[in-house]
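Structural description and commentary
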Amino acid sequence: MTVRVAPLKLVRRPRRLRRSAALRQLVSETVIEPHRLVPPLFVVSGAGETQPIASLPGVDRLSVDRLLPRLEHLLKLGIRAALLFGVVAPGTKSACAATAFDPEGPVPRALRAARSHFGDDLVLITDVCLCAYTDHGHCGLLAETPWGVQVDNDSSLEPLARMALAHARAGADLVAPSDMMDGRVAAIRRALDSGGFEGVGILSYAVKYASAFYGPFRAASASAPKGASLLQDRTSYQLDPRNAREGLLEAALDEAEGADVLMVKPALPYLDILARLRARSGLPLAAYQVSGEYAMLKAAAAVGALDEPAAVREALLSIRRAGTDLIFSYYAAEVIEKGWLM
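Residues numbered from 1 in each chain as written. Predicted model: local features only at pLDDT ≥ 70, side-chain atom pairs only at ≥ 80, totals over all residues. Heavy atoms only, no water.

Topic: the overall build of the protein chain
- Within the protein chain, the secondary structure is distributed over twelve helices and 13 strands.
- Relative to the 2.2 N^0.38 estimate, which gives 20 Å for 342 residues, the radius of gyration of the protein chain is 22 Å and therefore close to what a compact globule would have.
- Projected onto the principal axes, the alpha-carbon positions of the protein chain cover approximately 95 × 45 × 45 Å.
- The buried share of the protein chain, reckoned over its 342 residues, is 52%.
- When contacts within the protein chain are restricted to residue pairs at least 6 apart in sequence, long-range pairs at least 24 apart make up 73% of them.
- Working note: accessible area of the protein chain is about 15,900 Å², and carbon and sulfur atoms make up 55% of it.
- Distance from the positive charge centre (39 side chains) to the negative charge centre (37 side chains) of the protein chain: 12 Å. (Helix = DSSP H or I, 4+ residues; strand = E, 2+ residues; numbered from the N terminus. Rg over C-alpha atoms; globule rule 2.2 N^0.38 Å. Buried < 20%, exposed > 50% of the residue type's maximum accessible area, 1.4 Å probe, protein only. Contact = heavy atoms within 4.5 Å. Areas by Shrake-Rupley, 256 points an atom, 1.4 Å probe, with all protein chains shown as cover. Lys, Arg positive; Asp, Glu negative; His and termini not counted. Charge placed at Lys NZ, Arg CZ, Asp CG, Glu CD.)

Now the structure itself:
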C-alpha cells in the first residue's frame, strides 16, 4: 500500500511582512526619534568665528554668536540637546589646566548665552575633561612617580570638579566627565551638591575605551596627548579594547558614585558592551558615534564605496537596537535634514 504524504507547506510569516515599504515600517522594531540624537558642538572664543574642521567634513568650530543660530536650527529639527566642547588657544593652556574652570571660557560663555536665549527648551550638556586645557594634552594632571611621569588620578579630581561646578553655575543641565579618572563621578557629585546644584545631573563617560577612532576629534579640539614613553597615548587610564568585564565594572562603579546617565564610547566597535550594560543597568544609556566612525562613513561615501544614507541609517539603528537611549553623533542634524532615518 502506497502512502501519499502531502508536500510540506512552508510558513512564510516574516516574509509576508516585508512585502512593501509600508508593511516593513508598520512592524519595525527600532525607531530613532530626533530627541534621541545629540550633536557634539565645538565652541571657541571671539566673535564671528566659523572654523571648518578638515578632519570632520561638515563640522565647524563656532564662536558663541554663531553657536546660537545653530542651536536654534537644532530645536526646529526636533533635537532637544547638545554637547559642548571648549577649544582654547594654545597660549592659554598650562600644566594645571586653569582655563578649564575659567568662568569666562568659551563653554561657560556659551552656556550663559544659550540658557538666556532658549530657557529650558534645550538640554545643555558639557564635556568635563582637562585634555583640551593642558599643555600636555592628557585628561588629568601629571606627576613624577617611581615609574616615571604619569597621569595622577587623585590630584586630577579637584580641577575636574571645579570645571563641572563652573559649568553648572553657567547653566549646564548635565555635566559629562570623559576623563576616566577613578572616583571623579563622586568628586563631581560632592562639588555640585555642596555648591547648591543638586539638580545638575552627571552623564558619565563610564565605559570609554582607548580607541584608534578618536583621531579626528583630537585634531578638532587640539587635544592630542604629547609626551614620550608612557605618555604617548591614554592607555594607562582609558579601557583596554580587549576587556569587556572591566567596562561593566567601570559602569557599575560610576552608577554607585551617583552617575545619572552612563555612556559607552566608541559606539560601533563596542555594541556588545552596550548590550551587556543594558541588561545590567536601569539607568539611561548613551553611546557616542565618535569622530573616526563619522569620518570613515564620510570618506567611504565620498569615493562612492558606500551609499551614505543607507550606511548611516544602518549604523545608527544598530546603536539604538543594542540598547542605547541617546546617540551622540556628528550626523545628528544631517540625518533629520535629509530624511535619512525614514
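Things to note about the pairing of strand β7 (residues 142-145)
- Strand direction decides the pairing type here: β7 and strand β8 (residues 148-151), joined by four bridges, are antiparallel. Note that in β8 the partner of L142 across the bridge is V151.
- Two successive antiparallel strands, β7 and β8, enclose a turn made up of two residues. (Pairing = 2+ DSSP bridges.)

Comments concerning the nonpolar core
- Core analysis: the biggest nonpolar cluster contains 110 residues, and F42, L71, I125, V175, V207, Y288 and F328 have the highest contact counts within it.
- Tallying contributions element by element places helix α5 (residues 153-170) first for this core, with eight residues.
- Excluding residues within four positions of it along the chain, V175 makes contact with T126, V128, A164, H167, I188, L192, V200, G201, I202 and L203. (Core = buried A, V, L, I, M, F, W, Y, C linked by side-chain atoms within 4.5 Å.)

Quick notes on the layout of surface pockets
- In this structure, the largest pocket occupies an estimated 760 Å³ of space.
- Every residue lining the largest pocket is counted, 23 residues in all, and those nearest its centre are Q25, S28, T30, L317 and L341.
- Broken down by secondary-structure element, the contributors of at least two residues to the lining of the largest pocket are α2 (21-26), α11 (308-321) and α12 (332-337).
- Taken together, the residues that form the lining of the largest pocket break down as twelve nonpolar, four polar and seven charged.
- Considering the residues around the second largest pocket, the lining is formed by 20 residues, among which G58, V59, R70, Y330 and A333 are closest to the centre.
- Those elements that place two or more of their residues in the lining of the second largest pocket are β2 (40-44), α3 (64-77), α10 (291-302) and α12.
- Here the lining of the second largest pocket gets four residues from one element, more than from any other, and that element is α12. (1 Å grid on protein atoms, 1.4 Å probe; cavity = no way out; pocket = protein on both sides within 12 Å on 5 of 7 lines; lining within 4 Å. Points joined across faces, edges and corners; volume = space filled by probe spheres on them. Nonpolar A, V, L, I, M, F, W, Y, C, P; charged D, E, K, R; others polar.)

What about the pattern of salt bridges?
- Applying the stated criterion across every chain, the model contains 15 salt bridges.
- Here K298 makes a salt bridge to E308, at a shortest N to O gap of 2.9 Å. Of the two residues, K298 is situated in helix α10 and E308 in helix α11; the sequence distance between them amounts to ten residues.
- When its relative accessible area of 16% is taken as the criterion, K298 is described as buried.
- Here E334 makes a salt bridge to K298, at a shortest N to O gap of 3.0 Å. (Salt bridge = Lys/Arg side-chain N within 4 Å of Asp/Glu carboxyl O.)

Remarks on a positive patch on the surface
- A cluster of basic side chains, namely R12, R13, R15, R16 and R18, defines a positive patch on the protein surface.
- Inspection of the secondary structure assignment puts R16 in helix α1 (residues 13-16). (Patch = residues over 30% accessible without salt bridge, like charges linked within 9 Å, V, L, I, M, F, W, Y side chains within 5 Å.)

Note that every value here comes from positions in space, so none of it alone points to a role or purpose.
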